[in-house]
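# Fold and contact review
The residues making up each chain are set out below.
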Amino acid sequence: MIDLNKPINFIQNIIDSDLASGRVVEIVTRFPPEPNGYLHIGHAKSICLNFDLAAANGGRCNLRFDDTNPETESPEYVDAIIEDVRWLGYNWSGNVRYASDYFDQLFEWAKFLIKREKAYVCELTSAQTREYRGTLTMGGRDSPFRDRPASESLDLLEEMRSGGVEEGKMTLRARIDMQSPNINLRDPVLYRIKKYPHHRTGRVWSIYPSYDFAHGQEDALEGITHSICTLEFADNRVLYDWFIKNLPVPATPKQFEFGRLNINYMVTSKRKLKQLVDENIVDGWDDPRMPTLSGMRRRGITAQAIKNFCKSLAVAKTDGVVDIAQFEYFIRDDLNKHAKRVMCVLEPLKLLITNYSADHVEDLSIPYHPNRGDLGYRRVPFTSEIWIDRNDFSEDQALSRKKFKRLVIGDYVRLRGAYVVRADSVIKDVNGIITEVRASLVPGTIGKNAPEEIKPRGVIHWVSEQYSVDCCVNQYDRLFSHPLPESGDESFVKFINLNSLKVIYGCKAEPELAKAQMGENYQFERIGYFCLDNRRKNDDDLVFNCTIGLRDNWSKT
RNA sequence: UGGGGCGUCGCCAAGUGGUUAAGGCAACGGGUUUUGAUCCCGUCAUUCGGAGGUUCGACUCCUCCCGCCCCAGCCA
């Protein structure tokens, strides 16, 4: 599975030279999610990169929540994220860490900067701050509070911290360069007032550090050697380095950026995914149509498939769009190897075998997997009345054997794992709808080919009517009808595919599926891969989610 | 118009002065098959955003041009 020919990525190259030059002795990385939403496939790429890079170099990787904005964060997200990382199979070094663990230290460092006249409390409103910042092409103007005495800033900061100042009235800013062509350096905000309870520190703080003031210092505190983030943070790197240089931090982490993962027909923006959840466009963060890890898990996509996919991805600085077919390849690839084969009829049509005794039952033994003997066999009862899928039968005898490898009046077909049968006639209701097909089997064809002159058109799946179990199947189509739903403005909701969920009731499954286990993947032969849905009302309800259909070359033509 | 980043097959992507320009996905042929699945075999860039230049020799170095992405949150 792992492509040994795949060259090492540019970050590994950097690690190699850092190790060779002695800049670092142990590789330490970190996965730093903000707990303001659920993890999605894009995060999976980052998780794999960080954990695998550390492991490949004998280092370690931390899991750290960047919880610097209590207004948008919650313990629900913390728990979900931890579960998802575990599900992927990764173990972080030591305890789960939080930016909030370092609030005291960060505050001390803020005062350190003030004392060295590298930070000041600013009383510009947010609108004024924006105005003073200048534009992309023009420099900004210095804040009138820029040169106030350190002692004054120190007192004010203490007042901000203790809740004595209204939200929006003051910020702590770094004193860098209002003329910098890099806007991040135009006296960035280090602390802002938020009188909002934090999910871990409660109401202890009335001010919270900004991402820029927190992230690099957290990395330094944890001894992170390679701080890997996505491309949009490239401009923040000089600021990251500025703090590391101007603060008495215990280490010198370095930031490296790579291109985030985009997949067509998907949306990977926590903000937008949250919108889908909040507006009830989907069933929740774990809706099987969502690109979230929890949604994909519920859909039946395996952690291994996601990891294999992520590892196949290049780590580079280009921001491309990966074809969803590439992801689907890895989903099928893993499922094909591991899923047990069973039979299930989605749209039942009765087939009566007229030359088979009505009270006879044959206990057939059929392998769980065509090329994995280690998975063993299952018992499948064969009776005279069976269910076949309606679209596996046609009255049109003119249909060529090449175009329709299924049952046609007057011709033969193999019942998977059982006999070869010939369709003889049909019975219709008053509306002309076929209600039953009458057929005759060719004796002695179980496990053997039919006589030379009988050439079955193909193989179809079936289920004994008497022993079948009823089930329900959820089939999914892509959530968006547009390959790039995020292109253009915020109107991605306009591209929602309204037919992305199809619930099929009254499906008939072989008795084996009555024992279906949660978390197990099955292949419904000739249809696709399925798993039990985790939101069933009762434990013995049989509701299956279609993970993905089998590859289907024939329907394309 | 400032700054940062990127442009190699339909998609992803190796390549760091001399290779027949890897590989995967997709596509298209063919073989095996009691899943129209899997598996196997084969085909698929005289060309690297464009134009010049340096060089015996460039996707790789230089110059100019074109295109795309990110930055003006007290979000991350």
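Residues numbered from 1 in each chain as written. Chains lettered and ligands numbered in written order. Predicted model: local features only at pLDDT ≥ 70, side-chain atom pairs only at ≥ 80, totals over all residues. Heavy atoms only, no water.

### Regarding the overall build of chain A
Put simply, the test is: Per the convention used, a helix needs a DSSP run of H or I reaching at least four residues, while a strand needs a run of E reaching at least two, with both numbered from the N terminus. With a 1.4 Å probe rolled over the protein chains alone, any residue whose accessible area is under 20% of its type maximum counts as buried; one over 50% counts as exposed, and the rest are partly exposed. Residue contacts are defined here by distance: any two heavy atoms, one from each residue, within 4.5 Å place the two residues in contact. Using a 1.4 Å probe, accessible areas were evaluated by the Shrake-Rupley method; residue-level cover was limited to the displayed protein chains. Positive charge is attributed to Lys and Arg, negative charge to Asp and Glu, and no charge count is given to His or to the chain ends. Taken as the charge centre is NZ of Lys, CZ of Arg, CG of Asp or CD of Glu, depending on the residue.
Secondary structure assignment for chain A yields 12 helices and 27 strands. C-alpha extents for chain A along the principal axes are approximately 100 × 55 × 40 Å. Looking at chain A as a whole, 53% of its 557 residues qualify as buried. For chain A, long-range pairs separated by at least 24 residues make up 72% of all intrachain contacts whose partners lie at least 6 apart in sequence. For chain A, the exposed surface amounts to about 25500 Å²; the carbon and sulfur share of it is 49%. Charge separation in chain A, taken as the distance between the mean sites of 75 positive and 79 negative side-chain charges, equals 3 Å.

### Quick word on the sheet that holds strand β10 (residues 340-342)
Quick reminder of the rule: Between any two strands, at least two bridges found by DSSP are needed for them to pair. Each axis is a line fitted through C-alpha atoms, taken for helices only over the stretch in contact, and angles between the N-to-C directions span 0 to 180 degrees.
Reading across from one edge, β10-β25-β26-β27-β23-β24-β11 is the order of the seven strands in this open sheet, with mixed pairing throughout. Two strands in the sheet have a free side with no partner beyond their single neighbour: β10 and β11 (344-345). Pairing of β10 with strand β25 (residues 521-524), which is carried by three bridges, proceeds in the parallel orientation. Bridge pairing in β25 places Val342 opposite Phe524. Helix α12 (residues 324-338) rests against β10, β25, β26 (528-532) and β27 (543-549) of the sheet, and its axis sits at about 120° to β27.

### Some thoughts on the environment of Gly202
Inspection of the secondary structure assignment puts Gly202 in the loop between β6 (189-193) and β7 (207-209). When residues no more than four places from it in sequence are discounted, the contact partners of Gly202 are Tyr196, Pro197 and Tyr208.

### Side note on the state of the cysteines
Rules: To count as a disulfide, a pair of cysteine sulfur atoms needs to be within 2.5 Å.
Considering all chains together, one arrives at zero disulfides under this definition. Just so you know, Cys48 is unpaired, no disulfide at all, and the nearest cysteine sulfur is the one on Cys310, 4.1 Å from it.

### Here we look at the nonpolar core
Across soluble globular proteins, you tend to see nonpolar side chains buried next to one another. Basically, it comes down to this: For this analysis, a nonpolar core means a set of buried residues of the types Ala, Val, Leu, Ile, Met, Phe, Trp, Tyr and Cys, connected via side-chain atoms within 4.5 Å.
In this structure, Ile41, Val85, Ile306, Phe309 and Phe327 are the most contacted members of the largest nonpolar core, which totals 41 residues. Mapped onto this core, the elements with two or more residues apiece are α2 (41-56), β2 (60-65), α3 (75-87), α10 (293-299), α11 (303-312) and α12. For this core, the element with the most residues is α2, which contributes six residues. With near-sequence residues (within four places) excluded, Ile41 lies in contact with Leu261, Ile263, Met266, Thr268, Pro291, Leu293, Met296, Ile306, Phe309 and Phe327. Judged by nonpolar contacts, the second largest core, of 36 residues, contains Ala119, Leu172, Tyr191 and Leu239.

### Overview of the environment of Arg192
Filter applied, for reference: Any pair of N or O atoms that falls within 3.5 Å is considered a polar contact. Within protein, one atom must be able to donate a hydrogen and the other to accept it, and sequence-neighbouring residues count only if both atoms are side-chain atoms.
Looking at where Arg192 falls in the secondary structure, it is placed in strand β6. With 20 residues separating them along the chain, Arg192 and Leu172 place their C-alpha atoms 6.8 Å apart. For Arg192, the contacting residues outside a window of four places in its chain are Thr68, Asn69, Ser206, Ile207, Tyr208, Pro209 and Ser210. Within the local environment of Arg192, its side chain forms a polar contact with the backbone oxygen of Thr68, the two atoms lying 3.4 Å apart.

### Some details on the sheet that holds β2
Sheets are built from strands paired through backbone hydrogen bonds, the pairs being either parallel or antiparallel. One open sheet holds the three strands; their spatial order is β1-β2-β3, and the pairing between them is parallel. Either end of the sheet is taken by a strand with one partner, and the two such strands are β1 (28-31) and β3 (97-98). Where β2 and β3 come together, two bridges link them in parallel fashion. Note on β3: the bridge partner recorded for Arg64 is Arg97.

### Some thoughts on the pattern of salt bridges
In plain terms, the rule: By definition, a salt bridge exists where a carboxyl oxygen of Asp or Glu is found within 4 Å of a side-chain nitrogen of Lys or Arg.
Enumeration over the complete set of coordinates arrives at 46 salt bridges. For the salt bridge of Asp286 with Arg535, the shortest nitrogen-to-oxygen distance reads 2.6 Å. Note that Asp286 is positioned in the loop between α9 (270-278) and α10 and Arg535 in the loop between β26 and β27, a separation of 249 residues in sequence. In the salt-bridge network here, residues are joined through shared partners; they are Asp283, Asp286, Arg298, Asp533 and Arg535.

### Quick word on the packing of aromatic side chains
Spelled out, the test is: Centres within 6.5 Å make a pair out of two Phe, Tyr or Trp rings, where for Trp the six-membered ring is used; the pair is then stacked when the planes are under 30 degrees apart, edge-to-face when over 60, and tilted otherwise.
In the structure shown here, the tally under the stated rule is 23 aromatic pairs. Each ring, one from Tyr211 and one from Phe233, has its centre 5.0 Å from the other, and the planes form 40°; the classification is tilted. Of the two residues, Tyr211 sits in helix α7 (residues 211-222) while Phe233 sits in the loop between β8 (226-230) and α8 (237-246), which places them 22 residues apart along the sequence. Under the relative-accessibility criterion, Tyr211 is labelled partly exposed at 25%. Residue class for Phe233 comes out partly exposed when judged on its relative accessible area of 23%. Taken together, a centroid distance of 5.1 Å and an interplanar angle of 90° make the contact between Tyr329 and Phe330 edge-to-face.

### Concerning the packing of helix α4 (residues 103-115) against helix α6 (residues 150-161)
Applied cut-off: Note on terminology: angles under 35 degrees are roughly parallel, angles over 145 are roughly antiparallel, angles of 65 to 115 are roughly perpendicular, and the others are oblique. Should the near helix be turned anticlockwise from the far one by less than a right angle, the crossing is termed left-handed; should it be turned clockwise, right-handed. Residues are grouped as follows: nonpolar covers Ala, Val, Leu, Ile, Met, Phe, Trp, Tyr, Cys and Pro; charged covers Asp, Glu, Lys and Arg; every other residue, Gly included, is treated as polar.
At a minimum axis separation of 9 Å, α4 and α6 run at an interaxial angle of 155°. Viewed along their axes, α4 and α6 adopt a mutual orientation that is roughly antiparallel. Seen from above, α4 lies across α6 with right-handed handedness. Taking contact as the criterion, the partners of Asp104, Phe107, Ala110, Lys111, Ile114 and Lys115 in α4 are, on α6, Ala150, Ser153, Leu154, Leu157, Glu158 and Arg161. When its residues are assigned to classes, the contact of α4 with α6 shows six nonpolar, one polar and five charged.

### Let's talk about a nonpolar patch on the surface
This is how the line gets drawn: Each patch is built from residues lacking any salt bridge and having more than 30% relative accessible area; the joining distance is 9 Å for like charges and 5 Å for nonpolar side chains (Val, Leu, Ile, Met, Phe, Trp, Tyr).
Residues Leu501, Val503 and Tyr505 make up a contiguous nonpolar surface patch of about 300 Å² in total accessible area. Relative to the elements of secondary structure, Val503 occurs in strand β24 (residues 501-509). On the accessibility criterion, Val503 (34% relative accessible area) is partly exposed.

### Quick look at the environment of Asp533
Within the secondary structure, Asp533 sits in the loop between β26 and β27. Considering only alpha carbons, one finds Asp533 and Asn545, 12 residues apart in sequence, at a separation of 5.7 Å. Ignoring sequence-local partners within four residues, the contact set of Asp533 consists of Arg298, Met518, Val543 and Asn545. There is a polar contact of 2.8 Å between the side chain of Asp533 and the side chain of Arg298.

### Some thoughts on the pairing of strand β4 (residues 119-122)
The side-chain alternation of β4 yields two buried faces, one formed by Ala119 and Val121 and the other by Tyr120 and Cys122. In this sheet, strand β5 (residues 171-174) lies alongside β4 in antiparallel orientation, the contact comprising four bridges. When the sheet's bridge partners are listed, Cys122 is paired in β5 with Thr171.

### Quick look at the packing of α11 against α12
Any two packed helices are characterised by how steeply their axes cross, that is the angle between the axes, and by the distance between the axes. The interhelical angle for the contact between α11 and α12, taken along N-to-C directions, is 135°, at an axis separation of 8 Å. As judged from the angle between their axes, α11 and α12 are oblique. The handedness of the crossing between α11 and α12 comes out as right-handed. Contacts from Gln304, Ala305, Ile306, Asn308, Phe309 and Ser312 in α11 reach Gln326, Phe327, Phe330, Ile331 and Asp334 in α12. Here the residues of the contact of α11 with α12 are counted per class, giving six nonpolar, four polar and one charged.

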